[in-house]
Amino acid sequence: MTGSDALAEQLIRLLDARLTDPLEILLDGDGSVDVVRARLHRRALDWAFVIEHGSEPEAVGMLARLIATLYPDDHAFAPPVQWWRTPLGQAVARRMGHPFVTSVSYAMAGAMLGITRQGVHDLVRRGRLPRHPDGGVPVRAVRDRLLAAGPGASDSGPDPQTRDDSGPDPQTRDDEEQP
């Protein structure tokens with residue numbers, strides 16, 4: 001499954017759960033909802049392609065529209081840490097970073113990079129990621145690291161030439177993802 005396919009699949013699930021299923025309930029099973037659902041499913045494929053392969057302005061605009069539609073709230077967009085590991089979370093991290101904050105916690109940076117919180121701590125300690133003056137890691141630095149790794153790649157942790165093999169590998173620990 002390609003990145004676009006996984007992203008489209010997640011978008012379809014979100015569109016069904018947040019838009020068409022409630023609409024079907026409100027309209028008491030009206031058949032027109034099936035037409036809307038089918039159209040949204042087709043469009044999700046197009047949106048995923050734009051997010052993954054379109055120009056940055058197109059992708060960022062599409063992501064902004066999707067976030068505003070699928071995650072409406074009176075509060076700022078603040079998904080849980082694990083959301084950043086999803087195809088949509090990874091696309092947002094690569095294309096725009098976090099849309100509303102300038103720094104994120106080590107746990108969130110780890111989820112965005114596909115590593116543990118301890119892995120982020122090691123990258124900061126070794127100077128591979130800067131520490132934000134207010135704590136955490138600058139979103140821009142996380143995004144820059146993702147872009148340097150290439151499309152669809154997650155960060156594998158510290159750079160091999162600077163890795164200290166004197167102890168256990170912190171990358172194998174997933175118990176540190178609690179916010």
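Everything discussed here concerns the structure shown above.
No experiment lies behind these values; they were computed from the predicted model shown.

**Student:** Sorry if this is basic, but what is going on with the pattern of salt bridges here?
**Tutor:** Should their charged atoms come close, side chains of opposite charge can pair. Taken as a whole and assessed by the stated rule, the structure comprises nine salt bridges. In this structure, R37 engages D34 in a salt bridge whose closest nitrogen and oxygen atoms are separated by 3.6 Å. Linking R37 with D34, this pair stays in helix 2 (residues 32-53), spanning three residues, or about one helical turn. Several salt bridges converge on common partners, so that one network encompasses D16, D21, E24, D34 and R37.

**Student:** Help me out: how do you make sense of the nonpolar core in this one?
**Tutor:** As a rule of thumb, nonpolar side chains are buried together in soluble globular proteins. In terms of nonpolar packing, the biggest core is built from 43 residues, with L11, W47, W84, L88, V120, L129 and V137 touching the most fellow members. For this core, the secondary-structure elements that each account for two or more residues are helix 1 (3-26), helix 2, helix 3 (56-70), helix 4 (87-96), helix 5 (106-113), helix 6 (117-125) and helix 7 (139-149). Examining the composition of this core, we find that seven residues originate from one element, helix 5, more than from any other. With sequence-adjacent residues up to four places away left out, L88 is seen in contact with L7, Q10, L11, L14, L63, Y71 and W83.

**Student:** Could you clarify how one ought to interpret the environment of L19 in this entry?
**Tutor:** Tracing the chain through its elements places L19 in helix 1. We classify L19 as partly exposed; its relative accessible area is 31%. Put simply, L19 and R37 are 18 residues apart on the chain and 8.8 Å apart in space, counted from C-alpha to C-alpha. Here L19 is in contact with L14, T69 and L70, once residues within four sequence places are set aside.

**Student:** I would appreciate a short explanation of the packing of helix 5 against helix 6 in the present structure.
**Tutor:** When two helices pack together, their arrangement is given by the angle between their axes and by how far apart the axes lie. Where helix 5 contacts helix 6, the axes come no closer than 7 Å and their chain directions differ by 100°. Between helix 5 and helix 6, the crossing angle belongs to the class labelled roughly perpendicular. Mapping the contact onto sequence places Y106, A107, A109, G110 and L113 in helix 5 and R117, V120, H121 and V124 in helix 6. Tallied by class, residues from the contact of helix 5 with helix 6 come to six nonpolar, two polar and one charged.

**Student:** Sorry, what's going on with the packing of helix 3 against helix 4 here?
**Tutor:** At a closest axis distance of 10 Å, the pairing of helix 3 and helix 4 adopts a crossing angle of 135°. It follows that helix 3 is oblique to helix 4 by the angle criterion. As for the relative orientation of helix 3 and helix 4, their crossing is left-handed in sense. Touching E56, A59, V60, L63 and I67 of helix 3 are L88, A91, V92, R95 and M96, all from helix 4. Residue classes in the contact of helix 3 with helix 4 are distributed as eight nonpolar, no polar and two charged.

**Student:** Where do I start with helix 1 in this structure?
**Tutor:** Along an α-helix, residues three or four positions apart point the same way, because every turn accommodates 3.6 residues. When the terminal C-alpha atoms of helix 1 are compared, their 34 Å separation across 24 residues agrees well with the 34 Å that a helix rising 1.5 Å per residue should span. If you look at helix 1, its biggest bend is around 45°, right at D16. Of the residues making up helix 1, those classed as buried are S4, L7, A8, Q10, L11, I12, L14, L15, D16 and T20. Here the buried face of helix 1 lies against helix 2, helix 3 and helix 4. Just downstream of helix 1 lies D28, where phi reads positive at about 55°.

Conventions we followed
- Residues numbered from 1 in each chain as written.
- Predicted model: local features only at pLDDT ≥ 70, side-chain atom pairs only at ≥ 80, totals over all residues.
- Heavy atoms only, no water.
- Salt bridge = Lys/Arg side-chain N within 4 Å of Asp/Glu carboxyl O.
- Helix = DSSP H or I, 4+ residues; strand = E, 2+ residues; numbered from the N terminus.
- Core = buried A, V, L, I, M, F, W, Y, C linked by side-chain atoms within 4.5 Å.
- Buried < 20%, exposed > 50% of the residue type's maximum accessible area, 1.4 Å probe, protein only.
- Contact = heavy atoms within 4.5 Å.
- Axes fitted to C-alpha atoms, helices over the stretch in contact; angles between N-to-C directions.
- Parallel < 35°, antiparallel > 145°, perpendicular 65-115°, else oblique.
- Nonpolar A, V, L, I, M, F, W, Y, C, P; charged D, E, K, R; others polar.
- Left-handed = near helix turned anticlockwise from the far one by under 90°.
- Expected span 1.5 Å × (residues − 1).
- Bend = angle between axes of the 7 residues up to and from the residue.

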